[in-house]
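Architecture at a glance
Chain residues, written in single-letter form:
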Amino acid sequence: MTELKELNLRETRVSDLTPLTDLRALRVLDLIGTQVTDLTPLADLAALESLVLDGTPVTDLRPLKGLTSLEYLALSNTKVNAAQIKEIQAALPNLEIAR
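A brief report on the enclosed structure follows. (Residues numbered from 1 in each chain as written. Predicted model: local features only at pLDDT ≥ 70, side-chain atom pairs only at ≥ 80, totals over all residues. Heavy atoms only, no water.)

Next up on the list: the sheet that holds strand β2 (residues 28-30). Judged by pairing direction, the sheet is parallel, and its five strands sit side by side in the order β1-β2-β3-β4-β5 without closing on themselves. Of all the strands in the sheet, the pair left with one neighbour each is β1 (6-8) and β5 (96-98). Sheet twist, expressed as the average angle between the axes of neighbouring strands with direction ignored, equals 5 degrees. Of the pairings in the sheet, the one linking strand β4 (residues 72-74) to β5 comprises three bridges and is parallel in character. Among the inter-strand pairings, A74 is bridged to a residue of β5, identified as A98. (Pairing = 2+ DSSP bridges. Helix = DSSP H or I, 4+ residues; strand = E, 2+ residues; numbered from the N terminus. Axes fitted to C-alpha atoms, helices over the stretch in contact; angles between N-to-C directions.)

Inspection of the secondary structure assignment puts D54 in the loop between β3 (50-52) and β4. Here S76 takes part through its backbone nitrogen, which lies 2.8 Å from a polar atom of the side chain of D54. Contacts of D54, omitting those with residues within four sequence positions, involve L31, I32, G33, A74, L75, S76 and T78. (Polar contact = N/O pair within 3.5 Å; in protein donor to acceptor, adjacent residues only side chain to side chain. Contact = heavy atoms within 4.5 Å.)

Have a look at this one:
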């Protein structure tokens, strides 16, 4: 399972991403409508290209700053503020952010 490339957890009760830390090949992660608040377990997923956080209670994007492969980040209906978005854009200038 560590070679998993796409994972859709949309509208599930997931709140803890710790079990995903070994998914080093993961490219696409859909977390729409989950209860995830802490993105720290994703910090070492260097292959991650697309992350969908719409409708989650996430507020802190700092764990994503080192994910240089990240190309798309969806943040509709989250509590992420403008300062957090500026910070992630500065760290990842090629990142497309959908709000």
